[in-house]
Amino acid sequence: MTVSRDEAWALFCEWTESESLRKHVLGVEAAMVAYARKWGEDEELWAATGILHDLDYERHPDLETGHPRVALEYFRDNGYPQELIDAVAGHATFLGVPRETRMAKTLFAVDELTGFIAAVALVRPTGIHGLTPKSVKKKMKQPSFAAAVNRDELRQGAEELGVDFDEHVAFVIAAMEERADELGLGPREQEPAA
């Protein structure tokens, strides 16, 4: 079975009402498509994988029994490509599934990073525009900022991909910046002076 980007998005929206989670998977999709384009991979499949990796997160957030097991079962039952299934399984480190394909390694490398970049962009007046790897790394050193994000996994993702961390961050920022408005990462409206 092939899965189109639009089918993936429709399915995700059917399963997920959270606006922030929808924006998260669109950010992951942006980074996945950019890497697929760079490496001559299947952009449609990589887009669908980026969107679907958190399919069951809202309905089944329990990491012990739910996410991503429910989605993986759905994908298997509905004949989704094995590469997509392996990548979604591999992004959840607690499942212990090795990331063997380039797509699986890329999903792992961009998942948490896109979320962290979005968090940094949201506290800047200019949003994602003008954001640099240096600014991202500075925020990584603040344990209280986006505290749920595992900093070691951010670096591990780039290592597994075999790319320089700063270049990886810059590449993902650029991919997300192209879709800044859709991701809600454009410049913030300034409050009128009192």
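Rules and cut-offs
- Residues numbered from 1 in each chain as written.
- Predicted model: local features only at pLDDT ≥ 70, side-chain atom pairs only at ≥ 80, totals over all residues.
- Heavy atoms only, no water.
- Helix = DSSP H or I, 4+ residues; strand = E, 2+ residues; numbered from the N terminus.
- Buried < 20%, exposed > 50% of the residue type's maximum accessible area, 1.4 Å probe, protein only.
- Contact = heavy atoms within 4.5 Å.
- Lys, Arg positive; Asp, Glu negative; His and termini not counted.
- Charge placed at Lys NZ, Arg CZ, Asp CG, Glu CD.
- Salt bridge = Lys/Arg side-chain N within 4 Å of Asp/Glu carboxyl O.
- Polar contact = N/O pair within 3.5 Å; in protein donor to acceptor, adjacent residues only side chain to side chain.
- Core = buried A, V, L, I, M, F, W, Y, C linked by side-chain atoms within 4.5 Å.

Enquirer: Honestly, the overall build of the protein in this entry has me stumped. Any pointers?
Expert: Looking only at helices and strands, the protein features 10 helices and 0 strands. In the protein, the succession of helices and strands from N to C terminus is α-α-α-α-α-α-α-α-α-α. Viewed in the frame of its principal axes, the protein has a C-alpha envelope of about 55 × 35 × 35 Å. For the protein, the proportion of its 194 residues judged to be buried stands at 47%. Taking all contacts inside the protein whose residues are at least 6 apart in sequence as the whole, residues at least 24 apart take part in 66%. Positive and negative charge centroids in the protein, built from 21 and 35 side chains respectively, lie 8 Å apart.

Enquirer: Is there a simple way to explain the side chain of Arg124 in this structure?
Expert: Here Arg124 shows up in the loop between helix H6 (102–122) and helix H7 (133–140). In this structure Arg124 is buried but unpaired, with Glu177 as the nearest side chain of opposite charge at 8.0 Å. Among the polar contacts listed, one links the side chain of Arg124 to the backbone oxygen of His129, at a separation of 3.2 Å. Those residues in contact with Arg124 that sit more than four places away from it in its chain are His129, Gly130, Leu131 and Arg188.

Enquirer: Could you clarify how one ought to interpret the nonpolar core in this entry?
Expert: Side chains of nonpolar character tend, in soluble globular proteins, to be buried together. Leu52, Phe75, Leu84, Ile117 and Ile128 are the most contacted members of the largest nonpolar core, which has 57 residues in total. When residues in this core are grouped by element, the largest group, 11 residues, is from H6. When near neighbours in sequence (up to four residues on either side) are disregarded, Ile128 contacts Ile117, Ala121, Ile173, Met176, Glu177, Ala180 and Leu185.

Enquirer: Looking at this structure, I do not really get the pattern of salt bridges. What am I missing?
Expert: It is possible for side chains bearing opposite charge to pair when their charged atoms get close. Here the structure, examined in full by the defined rule, presents 8 salt bridges. Arg5 is paired through a salt bridge with Asp6; the nearest N and O atoms lie 3.5 Å apart. Arg5 sits in the buried class, given a relative accessible area of 17%. In this structure, Arg5 engages Glu29 in a salt bridge whose closest nitrogen and oxygen atoms are separated by 2.7 Å. Here Arg5 is found in helix H1 (residues 5–15), whereas its partner Glu29 is found in helix H2 (residues 19–39), with 24 residues between them in sequence. Glu29 gets classed as buried once you look at its relative accessible area, which sits at 3%. One continuous salt-bridge network, built from bridges that share partners, spans Arg5, Asp6, Glu29, Arg179 and Glu182.

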